[in-house]
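Each chain, letter by letter, is given below.
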Amino acid sequence: MDKSKVLELLSKFISIQSVSADSKRRKEITKAVDFLKNQFKEMGVDVKIIQKGQSPPLILGIYHSDHGRDLNGNRKTIGIYGHYDIQPEDPVDEWESPPFELTIKDGKLYGRGVADNKGHVIQNLTSIKHLIKVNKLKNNIVFIFEGEEEVGSDNFENYVKEAKDILSRVDVFYVTDTGMYKKNIPQIFYGLRGLVYFELEVDIGNKDLHSGIYGNRVLNPVQILAHLLAKMKDEKTNRVLIPGFYNEVRSITQDERNNFKSFARSDEEEKKTAGVYKMISLDKDQAYLSSKFYPSLDVNGIVSGHTREGAKTIIPRKATL
Ligand SMILES: [Zn+2]
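The shown structure was predicted, so the numbers you read here are calculated from the model rather than taken from an experiment.

## Observations concerning the overall build of the protein
Alright, step 1. Check the secondary structure of the protein and you find 10 helices and 12 strands.
Alright, step 2. For the protein, the spread of C-alpha atoms along the principal axes amounts to about 80 × 50 × 45 Å.
Alright, step 3. A burial count over the protein gives 34% of its 321 residues as buried.
Alright, step 4. Sequence-distant contacts in the protein: of pairs separated by 6 or more residues, those separated by 24 or more amount to 69%.
Alright, step 5. Carbon and sulfur atoms make up 50% of the accessible area of the protein, which totals about 21,100 Å².
Alright, step 6. The average position of the 48 basic charges and that of the 45 acidic charges among the side chains of the protein differ by 2 Å.

## Section: the side chain of glutamate 148
Alright, step 1. Considering the arrangement of structural elements, one finds glutamate 148 in the loop between β6 (140-146) and α4 (156-162).
Alright, step 2. Of the side chains with opposite charge, arginine 26 lies nearest to the buried glutamate 148, which makes no salt bridge, at 6.2 Å.
Alright, step 3. Among the polar contacts listed, one links the side chain of glutamate 148 to the side chain of asparagine 155, at a separation of 3.0 Å.
Alright, step 4. Aside from chain neighbours lying at most four places away, what touches glutamate 148 is Ser55, Pro56, Asp85, Ser153, Asp154, Asn155, Phe156 and Tyr159.

## Quick word on the UniProt feature "domain: Peptidase M20 dimerisation" (unreviewed entry) in the protein
Alright, step 1. UniProt records the feature "domain: Peptidase M20 dimerisation" (unreviewed entry) at residues 190-321, using the numbering of this structure.
Alright, step 2. Segment residues 190-321 splits into 29% helix and 9% strand. End C-alpha atoms: 32 Å apart.

## Things to note about the coordination of the zinc ion
Alright, step 1. Coordination sphere of the zinc ion, protein contribution only: His83 (NE2), Asp116 (OD), Asp177 (OD) and Asp177 (OD), at 1.9 to 2.4 Å.
Alright, step 2. Positions of the donor residues of the zinc ion along the chain correspond to the pattern H-x32-D-x60-D. Here aspartate 116 is found in helix α3 (residues 114-133), whereas its partner aspartate 177 is found in the loop between β7 (172-175) and β8 (201-203), with 61 residues between them in sequence.
Alright, step 3. Owing to a relative accessible area of 21%, aspartate 177 belongs among the partly exposed residues under this scheme.

## Here's the deal with the layout of surface pockets
Alright, step 1. For the second largest pocket, the calculated volume is near 460 Å³.
Alright, step 2. Taken together, 23 residues line the second largest pocket, and the ones lying closest to its centre are Asn238, Ile280, Leu282, Ser290 and Ser291.
Alright, step 3. Residue assignment for the lining of the second largest pocket shows that the elements contributing at least two residues are α9 (267-274) and α10 (290-293).

## So, helix α2 (residues 26-43)
Alright, step 1. A rise of 1.5 Å per residue sets the reference length of α2, with its 18 residues, at 26 Å; its end C-alpha atoms lie 26 Å apart and thus fit the reference within 8%.
Alright, step 2. Those residues of α2 lying buried are Glu28, Ile29, Ala32, Val33, Phe35, Leu36, Gln39, Phe40 and Met43. Each buried residue of α2 lies within a common arc of 155 degrees when the element is viewed along its axis, so the set occupies one face. Opposite its buried face, α2 presents the exposed residues Lys27, Lys41 and Glu42, each directed more than 90 degrees away.
Alright, step 3. On the buried face of α2, the contacting elements are α1 (3-14), β1 (46-50), β2 (58-63), α3 and β6.
Alright, step 4. The positive-phi residue at the C-terminal boundary of α2 is glycine 44, with phi of around 75 degrees.

## Here we look at the environment of leucine 7
Alright, step 1. Inspection of the secondary structure assignment puts leucine 7 in helix α1.
Alright, step 2. Leucine 7 sits in the partly exposed class, given a relative accessible area of 24%.
Alright, step 3. Sequence separation between leucine 7 and glycine 119 is 112 residues; the distance between their C-alpha atoms is 9.5 Å.
Alright, step 4. If we skip the residues at most four places from it in the chain, leucine 7 touches Leu102, Ile104 and Leu109.

## Regarding the packing of aromatic side chains
Alright, step 1. Going through the model one piece at a time under the given rule, you end up with 10 aromatic pairs.
Alright, step 2. Centroid distance tyrosine 81 to phenylalanine 156: 5.9 Å. Interplanar angle 80 degrees. Geometry classified as edge-to-face. Note that tyrosine 81 is positioned in strand β3 (residues 77-83) and phenylalanine 156 in helix α4, a separation of 75 residues in sequence.
Alright, step 3. Here tyrosine 81 falls in the buried class, since its relative accessible area comes to 11%.
Alright, step 4. A connected cluster of aromatic rings, assembled from ring pairs, spans Phe260, Phe263, Tyr288 and Phe293.
Alright, step 5. Residue placement shows lysine 118 over the ring face of phenylalanine 13; its charged tip is 4.9 Å from the ring centre.

## Examining the sheet that holds strand β10 (residues 303-304)
The strands that make up a sheet are held in pairs by hydrogen bonds between backbone atoms, and each pair lies either parallel or antiparallel.
Alright, step 1. The sheet built from three strands is open, its strands ordered β8-β12-β10 with antiparallel pairing. The open sheet has two edge strands, β8 and β10, and neither has a second partner.
Alright, step 2. Across two bridges, β10 lies against strand β12 (residues 318-320) in antiparallel orientation. Bridged to serine 304 within β12 is alanine 319.

Calculation criteria
- Residues numbered from 1 in each chain as written.
- Predicted model: local features only at pLDDT ≥ 70, side-chain atom pairs only at ≥ 80, totals over all residues.
- Heavy atoms only, no water.
- Helix = DSSP H or I, 4+ residues; strand = E, 2+ residues; numbered from the N terminus.
- Buried < 20%, exposed > 50% of the residue type's maximum accessible area, 1.4 Å probe, protein only.
- Contact = heavy atoms within 4.5 Å.
- Areas by Shrake-Rupley, 256 points an atom, 1.4 Å probe, with all protein chains shown as cover.
- Lys, Arg positive; Asp, Glu negative; His and termini not counted.
- Charge placed at Lys NZ, Arg CZ, Asp CG, Glu CD.
- Salt bridge = Lys/Arg side-chain N within 4 Å of Asp/Glu carboxyl O.
- Polar contact = N/O pair within 3.5 Å; in protein donor to acceptor, adjacent residues only side chain to side chain.
- UniProt positions renumbered as here; feature names shortened; annotations may be inferred.
- Donors = N, O, S within 2.8 Å, 3.2 Å for Na, K, Ca; no water.
- 1 Å grid on protein atoms, 1.4 Å probe; cavity = no way out; pocket = protein on both sides within 12 Å on 5 of 7 lines; lining within 4 Å.
- Points joined across faces, edges and corners; volume = space filled by probe spheres on them.
- Expected span 1.5 Å × (residues − 1).
- Arc of directions from axis to C-beta.
- Phe/Tyr/Trp six-rings, centres within 6.5 Å; stacked < 30°, edge-to-face > 60°.
- Lys NZ or Arg CZ within 6 Å of the ring centre and 35° of its normal.
- Pairing = 2+ DSSP bridges.

This is the structure:
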């Protein structure tokens, strides 16, 4: 397939505003599903849709290789995972090109979803399409595309269970919802850190109080949170001080160290990419490993008290992080 056709297809996919976090754009989710269904149809791939209520469905595309037999045969079956939903485009005024218009600038592609995960989905579809066309595809393929990846994949487990008969025949899964280390340096991910998300609320009563009247007599929830947070991490290394936090973390082998060392970016480069003034390291020997091999703990936001213009002398009744 020539390059312009691939770009045309990607451009069409990018123009669909399949933001799963926005319930007002459910029609766009349907458009993305139809888009993929059409692609499968053109490729001669069977489609199966699994959906619960109005949730974004799971799309399965099943290809039986002519060279093999059906999914029970000896030919290996390759599973390809991807997602057709995207993150919201806000803040819109910080985009240098319209988010839903594929834009090429200095050899780079811009548009919401290009890097996560629509670009990869198009790569997978067009390359498999090409292999089928030139009669070179010798494996069975099972595509599995979900539409809730950006909002926590609520139904994914159930969908997978429903598709068990098909998915259990997959020999190897190929997940391209990842990135490349650098131009021309592809990466194979063999582990991900996972995620646990908490909301913590400290409450001292049922109303905000005047700090002139109650200062010194009640606890301040912001301060309580600040004390708690200060105890959780070493500020110099970012090492988490919560007992047992690293108990089940396996150690890094020498091979892994050497491998990472051979291509890791310098702190200077990392600083530039991240746009920060300083980088720190948890790993004593290899800074880059700090965010690759160790679990981390971070505060994503704190809300409390008076944050609007001007002063307001209160002791807030609660603080949330
Ligand atoms: Zn993704």
